[in-house]
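Letter by letter, the chains look like this.
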Amino acid sequence: MTRSAQPVTPDDLDLAVRLAVSTLREAPESAWDRPAGSLEWTCWETTEHLADDLFAYAAQLGPRSPSLEREVPFSWERKHPGGPANAIGADRSAGSAGLLQVLEACGALLVSMARTTSPEVRSHHGFGASDPEGFTAMGIVETLVHTHDLAEGLGLPWTPPADLCARVLHRLFPDSPTDTDPWTTLLWSTGRADLPGRPRPTRWRWNGVPAAER
């Protein structure tokens, strides 16, 4: 089976965030301090981290002349040792509804930037300078796999569309297996699942560089 060579689009990211928020809304208010799957962070912290990722990717596309050397220098801070370093946080008094509104808003920022930024733009990322499609794909991967972490912690079902997983695998993990289920393969590629006959990665990274420039 060949992975889909169709481009990753802002509509794909919009769908990923909408599906994630719809799933997470089912969690009880009392559950958000549970660990998020295999992560050391709570479900609340992991959702803030996901929102922060989406915000940060949008910000990388914002400057008129994006840097190829570093991130836009927002101040990222940890609320406690070992917690995620975020520039974005949610007001705890707003409850999980407010937290998910923060996630939804940050997703919308990246969707909007991806729709309006020239495909010729390149901006820094630690895994290789990328284009708007690449940052969109990164946002989708972050959304899908962290919602997996959250669903495990919150006791919710979560299986995103296979075609969406296939497109981000083709864009960011071009060397991933193509004869396996796309969602399981994405989890495997990010160290979260096993594939028969293949050791689970203990270290992983995607390749955000556009294919023609690798």
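Relevant structure appears above.
These figures come from a predicted structure and were not determined experimentally.

Draft legend 1. Expanded view of the environment of V21. Residue placement: V21 occurs in helix 1 (residues 10–24). A relative accessible area of 2% places V21 in the buried class. Look past the residues within four positions of V21 in its chain and what remains in contact with it is L100, L103 and E104.

Draft legend 2. Main features of the packing of helix 5 (residues 162–172) against helix 6 (residues 182–189). With their axes 8 Å apart at the nearest point, helix 5 and helix 6 run at an angle of 45 degrees to one another. In terms of their interaxial angle, helix 5 and helix 6 are classed as oblique. In the packing of helix 5 onto helix 6, the handedness of the crossing is left-handed. In this structure, helix 5 contributes A162, C165, A166, V168 and L169 to the contact, and helix 6 contributes P182, W183, T185, L186 and S189. Each residue belonging to the contact of helix 5 with helix 6 can be placed in one class, and the counts come to eight nonpolar, two polar and no charged.

Draft legend 3. Inspection of the environment of S112 at higher detail. Summarising the element assignment, S112 is placed in helix 3 (residues 95–116). Separated by 52 residues in the primary sequence, S112 and L164 place their C-alpha atoms 19 Å from one another.

Draft legend 4. The arrangement of the packing of aromatic side chains in detail. Using the criterion set out here, one finds six aromatic pairs in the structure. Judged by centre distance (5.6 Å) and plane angle (80 degrees), the rings of F127 and W206 are edge-to-face. On the criterion of sequence distance, the pair formed by F127 in the loop between helix 3 and helix 4 (132–154) and W206 in the segment after helix 6 is long-range, its members being 79 residues apart. F127 sits in the partly exposed class, given a relative accessible area of 26%.

Draft legend 5. Geometry of the pattern of salt bridges. With the rule as written, the count across this model stands at 13 salt bridges. Of the charged contacts, one joins R18 and D14 as a salt bridge, the two residues approaching to 3.1 Å between their closest N and O atoms. Of this pair, R18 and D14 are both found in helix 1, four residues apart, which corresponds to roughly one turn of the helix. Look at R18 and you get partly exposed, because its relative accessible area is 48%. According to the relative accessible area criterion, D14 is partly exposed, its value standing at 28%. D33 is the partner of R92 in a salt bridge, and the nearest nitrogen-oxygen pair spans 3.1 Å. Taken together, the positions of R92 in the loop between strand 2 (85–86) and helix 3 and D33 in the loop between helix 1 and helix 2 (43–60) put the pair 59 residues apart, joining distant regions of the chain. In the salt-bridge network here, residues are joined through shared partners; they are D12, D163 and R167.

Draft legend 6. Spatial organisation of the nonpolar core. Judged by nonpolar contacts, the single largest core of 50 residues is most densely connected at W32, L144, L154 and L186. Listing elements by their share of this core, those giving two or more residues are helix 1, helix 2, helix 3, helix 4, helix 5 and helix 6. Ranked by residue count, the leading element in this core is helix 4, at 10 residues. Ignoring any residue separated from it by four or fewer positions in sequence, one finds W32 in contact with L24, A27, T42, C43, W44, T47, R92, S96, L99, L100 and L154.

What counts, and where the lines are drawn
Residues numbered from 1 in each chain as written. Predicted model: local features only at pLDDT ≥ 70, side-chain atom pairs only at ≥ 80, totals over all residues. Heavy atoms only, no water. Helix = DSSP H or I, 4+ residues; strand = E, 2+ residues; numbered from the N terminus. Buried < 20%, exposed > 50% of the residue type's maximum accessible area, 1.4 Å probe, protein only. Contact = heavy atoms within 4.5 Å. Axes fitted to C-alpha atoms, helices over the stretch in contact; angles between N-to-C directions. Parallel < 35°, antiparallel > 145°, perpendicular 65-115°, else oblique. Left-handed = near helix turned anticlockwise from the far one by under 90°. Nonpolar A, V, L, I, M, F, W, Y, C, P; charged D, E, K, R; others polar. Phe/Tyr/Trp six-rings, centres within 6.5 Å; stacked < 30°, edge-to-face > 60°. Salt bridge = Lys/Arg side-chain N within 4 Å of Asp/Glu carboxyl O. Core = buried A, V, L, I, M, F, W, Y, C linked by side-chain atoms within 4.5 Å.

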